[in-house]
Amino acid sequence: MTGTSSDRHEETVSRIGVVGSGVMGMGIAQVCAAAGLDVVVTVSSDASLESGPGRLTAVLDRAVAKGKISEEARQTTLDRVRFTRDLGELADRQLVIEAVTENEAVKRELFTTLDKIVRSPEALLASNTSSIPIVRLARATERPDHVVGIHFFNPAPVLPLVEIIPSVLTADPVARRATRFVTDVLGKQPVNAPDRAGFIVNALLFPYLLSAIRMLDAGLATAEVIDQSMVQGCSHPLGPLRLADLIGLDTTVSIAEAMYEEFKEPLYAPPALLLRMVEGGLLGRKSGQGFYAYA
């Protein structure tokens, strides 16, 4: 990491931008709003602009019904989030977190655009990427020292861990600001991760998930038996195939391909069964069918 930036311009982060309203984007927006921050969520379609507030409301309604938050907390969280299709509304943000599809070309183009839009030179541009090295995204901007990975896990409002991924170009004070934001503002547990495909968690997790898919493809055990074995035999909260469905099988392929490209290790290569399922539109929970069927 470089030391070209200093803490002298550091200000308390209160205005957040989130790009993307998928599962992760919505979860990050919820976490930030619940922490008292002003949140702008940018979406890519009129359909998302229309459905986004309703989806957030539904999530918070379930939290109220389960006694996890109060009705007052539900309303104040909703009041702190607004949705827009205009990236220009991110101009005054002090931190923008990208949570779009796991595609390097798409993310690089977005970072180039954000670099031109976000006014403050001290603003942080962050990616929630699961696997793409941060330095590649940083080089798409003219402020690579202010680009950092802030990787949440699904569901973001529930899971405490957040990976902080500085690239070789990220200024040390920027990495410290990101860490303090996650700790002091969001109340999450940060870990410093290396800027290599998969970082820490996915570098460990994905060989396991892909191995389970290969076992199923080889006919050695059914999906139910594989998942039951890991839940009841290893105390995992969720079996590997249900977890892959939750992550999204298309996202699973993207992460696996990014890690295989970097390391050329066979254990990272996506199995043929997984590729065929994605090509057939079987993406897991989000499509209603993956290794399991979902109503």
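Located above this text is the structure these notes cover.
Model, not experiment: these values are computed from the prediction.

Participant: Explain helix H8 (residues 223–234) to me, please; I cannot follow it from the model alone.
Facilitator: Given 3.6 residues to a turn, an α-helix orients residues that are three or four positions apart in the same direction. Given a rise of 1.5 Å per residue, 12 residues ought to cover 16 Å, and the 16 Å separating the end C-alpha atoms of H8 matches this to within 8%. The complete set of buried residues in H8 reads Ala223, Ile226, Asp227 and Met230. One side of H8 carries all its buried residues, which in axial view fall inside an arc of 90°. Seen from the buried face of H8, the exposed residues on the opposite side, beyond 90 degrees, are Gln232 and Gly233.

Participant: Just checking my understanding: could you explain the packing of aromatic side chains for this structure?
Facilitator: Geometrically, a pair of aromatic rings is defined through the distance of the ring centres and the angle of the planes. Applying the stated criterion to the full structure yields 1 aromatic pair. With centroids separated by 5.6 Å and ring planes inclined at 40°, the aromatic side chains of phenylalanine 263 and tyrosine 268 adopt a geometry described as tilted. Judged by its relative accessible area of 26%, phenylalanine 263 falls in the partly exposed class. Looking at tyrosine 268, the relative accessible area reads 8%, which means it is buried. Stacked on the ring of tyrosine 292, the Lys or Arg arginine 242 has its end atom at 3.6 Å from the ring centre.

Participant: What is the right way to read the sheet that holds strand S6 (residues 147–151) from this model?
Facilitator: Within a beta sheet, neighbouring strands are joined by backbone hydrogen bonds and run either parallel or antiparallel to one another. In space, the 8 strands of this open sheet follow the order S3-S2-S1-S4-S5-S6-S7-S8, with mixed pairing throughout. Both edges of this open sheet fall to strand S3 (81–84) and strand S8 (189–192), since each of them pairs with a single strand only. Neighbour-to-neighbour, the strand axes of the sheet open up by a mean angle of 25°, direction not taken into account. With 4 bridges connecting them, strand S2 (residues 38–42) and S3 associate as parallel partners. The partner of valine 40 across the bridge, within S3, is arginine 82. Helix H4 (residues 104–117) contacts strand S1 (15–19), strand S4 (95–98), strand S5 (124–127) and S6 of the sheet and is inclined by roughly 165° relative to S5.

Cut-offs applied
- Residues numbered from 1 in each chain as written.
- Predicted model: local features only at pLDDT ≥ 70, side-chain atom pairs only at ≥ 80, totals over all residues.
- Heavy atoms only, no water.
- Helix = DSSP H or I, 4+ residues; strand = E, 2+ residues; numbered from the N terminus.
- Expected span 1.5 Å × (residues − 1).
- Buried < 20%, exposed > 50% of the residue type's maximum accessible area, 1.4 Å probe, protein only.
- Arc of directions from axis to C-beta.
- Phe/Tyr/Trp six-rings, centres within 6.5 Å; stacked < 30°, edge-to-face > 60°.
- Lys NZ or Arg CZ within 6 Å of the ring centre and 35° of its normal.
- Pairing = 2+ DSSP bridges.
- Axes fitted to C-alpha atoms, helices over the stretch in contact; angles between N-to-C directions.
- Contact = heavy atoms within 4.5 Å.

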